[in-house]
Amino acid sequence: MDNETVRVRFAPSPTGYLHVGGLRTALYNYLFARKHKGTFIFRIEDTDRNRLVEDAKEKLPDTIGIFFDWDEGIRKTKNAAEQGPYIQSERLEVYRKYADELVERGKAYPCFCSADRLEAVRKEQEARKEPTRYDGCCRDLSKEEVADRMRENAPHVVRLRVEGMGDVVFDDIVRGTVSFSKKTIDDQVLLKSDGFPTYHLANVVDDHLMGITHVIRGEEWLPSTPKHIILYEAFGWDIPRFAHLPLLLNPDRSKLSKRQGDVAVEEYLAKGYLPEALLNFVALLGWNPGGGKTQEIFSLGELVSAFDLAHIHKGGAVFDARKLDWLNAQYIKNLPAEELLTKSLPFLLKKPWFDGIDASRKESEYVDRVLTVERDRLQKLSDVGDSVRFLFVEPTVDPTLLPWKKNTPKETIAALGVMREVLSIVPENEWMRERLETILLETAGEKKGDFLWPLRVALSGEKQSPPPFEIAWVIGKQTTLERIENAGTLLGNMV
Ligand code: GLU
């Protein structure tokens, strides 16, 4: 492949959020462009006025920009004078010009049929159990008839004249040879009565004018492709190569949930999924490095080297939220401490209990210690603090939890006393994780449960928590000794 010529695009319609499938499409286009030293273009397809959402045009590039950059298109100046604007609603005269050209050459025709008539035709066809399609009523109007109707300003659309029999056949990079019978292809509308182009016209005109060589998009656009090919042929333009990406599926293999909360990239980011993890996750939705390689963690740079359209599967790609959690946890584990701190803080600040805690526990040094202990337990940043709330807030201890197995309260008081004793002689400046671990393990010896269990409960109030020496290290000497004493008092009340 001639690397220089690769030009691909991401062409979303604004729906108010970026769908995870959209992120995957954008990513594969980006990777393909980078791999072949080509150009990645970002354009907005907003010609469907019914689906328009305020702000969406801004939100899409904002969100994509979190993950990677594009070379030409919205917000970019390169080639913009020749090929822009990159928002389709700002290019209406371009589409009109090309629609007129097709009408002039007899490849398209104005259609004056009313919505009522089209509806009646559709119903009749349904009743006869025929495929529903335009019945060609305006296909062969005479020039005079057309001119008369135009003079009357009769509302009309422009339709493509689909001619001939046989099949439209093309070679899809992912799916191989794909063929559609022309019988199933309607004389589709190119220009609507409000002067807006349909997706088909605007998409083909722009892909041509922007020099797109490869159209990489979701499988849901596969049925549109023969229409596009007929359009390219009608214009006499080169046809780009197509690669249709597999559908995204729920784990039960149904089509991926439509609930925005489950598919909006912005919501995943808001929940504390790291962009790198999310990107890694969507990269694997329908692609793998091939060659029996089992690598699962990929940086963007690694993806660029490993990516190949030939390794995209045809079959649907299951969206497994547990895998996303796992990947995110891996990325959190590997975050530099400082980054983990700055990224976690906003989530911590939103916790309802965070406001009222002691000021010293809001300091970054303290939070940093908490994160050192909690890091490996985090699946997403919004969970921060949840499993270790006792590091911020004094725990409520259930005294019956304190004794290890069949130990009596008295024995437990004694064990806690020993723990308190050895801890109280550790100087403040030696209050380090490893040091505390060594002291406590040495003291407990063979009897880990007898000593460390009550200590863990005394310090956390929980049955499950990070090891007691880690808790002690985070909360500091004074609080540690206080919590042990409180536990002793509670046990004393039981004796
Ligand atoms: N505007 C279409 C979308 O919303 C683009 C499809 C295509 O890439 O041709 O996904």
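Quick note: structure is the one above.
Just so it is clear, the structure is predicted and the values come from calculations on it, not from any experiment.

Trainee: Sorry, what's going on with the overall build of the protein chain here?
Mentor: A tally of helices and strands in the protein chain yields 19 helices and 12 strands. Over its C-alpha trace the protein chain gives a radius of gyration of 32 Å, far above what one expects of a compact globule, namely 23 Å for 495 residues. Considered along the principal axes of its C-alpha atoms, the protein chain spans approximately 105 × 50 × 40 Å. The buried share of the protein chain, taken over its 495 residues, is 50%. A fraction of 75% describes how many contacts in the protein chain between residues 6 or more apart in sequence connect residues 24 or more apart. About 23,900 Å² of surface is accessible on the protein chain, with carbon and sulfur atoms providing 50% of the total. For the protein chain, the distance from the average site of its 70 positive side-chain charges to the average site of its 78 negative ones is 3 Å.

Trainee: Where do I start with the pairing of strand β6 (residues 167-172) in this structure?
Mentor: Residues in a regular strand project their side chains so that they alternate between the two faces of the sheet. Burial of the side chains of β6 is restricted to one face: V168, F170 and D172 are buried, whereas none of D167, V169 and D171 on the reverse face is. Two strands pair when backbone bridges link them, and β6 and strand β7 (residues 176-181) are joined in this way by 6 bridges, in the antiparallel orientation. Opposite D172, over in β7, you have G176 as the bridge partner.

Trainee: Explanation requested: the pattern of salt bridges in the structure shown.
Mentor: For side chains of opposite charge, pairing can occur when their charged atoms come near one another. Taken as a whole and judged by the stated rule, the model has 34 salt bridges. The partner of E101 in a salt bridge is R105, with the nearest N and O atoms 3.0 Å apart. Relative accessible area serves as the criterion here: at 27%, E101 is assigned to the partly exposed category. On the basis of relative accessible area, R105 is assigned to the partly exposed category, the value being 39%. One salt bridge connects R151 with D148, and the closest N-O pair in it is separated by 2.5 Å. Taken together, the residues R151 and D148, both in helix α6 (residues 143-151) and 3 residues apart, mark about one turn of the helix. The exposed category is assigned to R151, whose relative accessible area is 63%. Take D148: its relative accessible area is 36%, and that puts it in the partly exposed class.

Trainee: Would you mind showing me how to read the site of the ligand here?
Mentor: Around the ligand lies a shell formed by R9, A11, P12, S13, E45, Y199, N203, R217 and W221. Contacts to the ligand include R9, whose side-chain N or O atom sits 2.7 Å from an oxygen atom. Taking Y199, its side chain carries an N or O atom lying 2.8 Å from an oxygen atom of the ligand. Notes on the ligand: free accessible area 300 Å², of which the protein chains cover 86%.

Trainee: In this structure, what is going on with the packing of aromatic side chains? I would like to understand it.
Mentor: One pair of aromatic rings is described through two measures. These are the centre distance and the angle between the planes. In the structure shown here, the tally under the stated rule is 22 aromatic pairs. Ring pairing ties together the aromatic residues Y28, W287, F298 and F307, which thus form one cluster. Taking NZ or CZ as reference, R433 lies 5.2 Å from the ring centre of W473, over its face.

Trainee: Explain the sheet that holds strand β3 (residues 72-73) here, please?
Mentor: Strand pairing within a sheet occurs via backbone hydrogen bonds; the two strands may be parallel or antiparallel. Spatial strand order, β1-β2-β3: 3 strands in an open sheet with parallel pairing. Looking at strand neighbours, the two that pair on one side only are β1 (7-10) and β3, the edges of this open sheet.

Trainee: Would you explain the state of the cysteines in this entry?
Mentor: Overall, the coordinates contain 0 disulfides when judged by the stated rule. Distance from the sulfur of C137, which forms no disulfide, to the nearest cysteine sulfur (C113) is 4.1 Å. C113 supplies the cysteine sulfur nearest to C138, a cysteine that is in no disulfide, at a spacing of 3.7 Å.

Trainee: How do you make sense of unusual backbone geometry when you look at a structure like this?
Mentor: Across the chain, the bulk of peptide bonds are trans and the bulk of non-glycine residues have phi less than zero. The residue after G84, namely P85, is reached through a cis peptide bond having omega -10 degrees. One can find P85 in the loop between α3 (80-83) and α4 (92-104). A positive phi is found at K37, a non-glycine position, where the angle reads about 50 degrees. Here K37 is to be found in the loop between α1 (20-35) and β2 (39-42). Judged by its relative accessible area of 61%, K37 falls in the exposed class. Residue R75 is not a glycine yet carries a positive backbone phi of 70 degrees. Tracing the chain through its elements places R75 in the loop between β3 and α3. Accessibility expressed as a relative area gives 47% for R75, which makes it partly exposed.

Trainee: Please clarify how the environment of R43 should be interpreted in this entry.
Mentor: Among the secondary structure elements, R43 is positioned in the loop between β2 and α2 (56-67). As a C-alpha pair, R43 and A56 span 13 residues in sequence and 13 Å in three-dimensional space. Excluding residues that lie within four positions of it along the chain, R43 makes contacts with R9, F10, A11, P12, Y86, Q88, N203, D206, D207 and M210. Within the local environment of R43, its side chain forms a polar contact with the side chain of E45, the two groups lying 2.7 Å apart. In terms of polar contacts, R43 uses its side chain to reach the side chain of D207, at 2.8 Å.

Scoring rules and cut-offs
- Numbers given to residues run from 1 along each chain, matching the order in which its sequence is written.
- Local features in this predicted model are restricted to residues whose pLDDT is 70 or higher, and side-chain atom pairs enter the listing and the counts only when it is 80 or higher, whereas totals over whole chains, interfaces and linings include all residues.
- Side-chain measures were taken over the full set of non-hydrogen atoms in the model, leaving aside hydrogen atoms and water.
- Here a helix means four or more residues in a row that DSSP labels H or I, a strand means two or more in a row labelled E, and each is numbered from the N terminus.
- Just to be clear, the radius of gyration here is over C-alpha atoms, and the globule rule we use is 2.2 Å times residues to the power 0.38.
- Only protein chains enter the area calculation, which uses a 1.4 Å probe; residues under 20% of their type maximum are buried, those over 50% are exposed, and those in between are partly exposed.
- Residues are treated as being in contact if the distance between any of their heavy atoms lies within 4.5 Å.
- Computed by Shrake-Rupley with a 1.4 Å probe, the accessible areas treat only the displayed protein chains as cover when residues are assessed.
- Positive residues here are Lys and Arg, negative ones are Asp and Glu, while His and the chain termini are left out of the count.
- Charged side chains are reduced to one point each, which is NZ for Lys, CZ for Arg, CG for Asp and CD for Glu.
- At least two DSSP bridges between two strands are needed for those strands to be called paired.
- For this analysis, a salt bridge means a side-chain nitrogen from Lys or Arg found within 4 Å of a carboxyl oxygen belonging to Asp or Glu.
- For each residue, the test is whether any non-hydrogen atom lies within 4 Å of the molecule or strand; if one does, the residue is near.
- Distance and chemistry together define a polar contact, namely a pair of N or O atoms within 3.5 Å, with one atom able to donate a hydrogen and the other to accept it when in protein, and with adjacent residues in sequence counting only for side-chain atoms on both sides.
- Each pair of aromatic rings taken from Phe, Tyr and Trp, with Trp reduced to its six-membered ring, is defined by centres within 6.5 Å and is described as stacked if the planes are under 30 degrees apart, edge-to-face if over 60, and tilted in the remaining cases.
- Both a distance and an angle decide whether a charge sits over a ring: NZ of Lys or CZ of Arg must be within 6 Å of the ring centre and within 35 degrees of the ring normal.
- Working definition: a disulfide is two cysteine sulfur atoms within 2.5 Å of each other.

Purely geometric stuff here, so don't read any function into it on its own.
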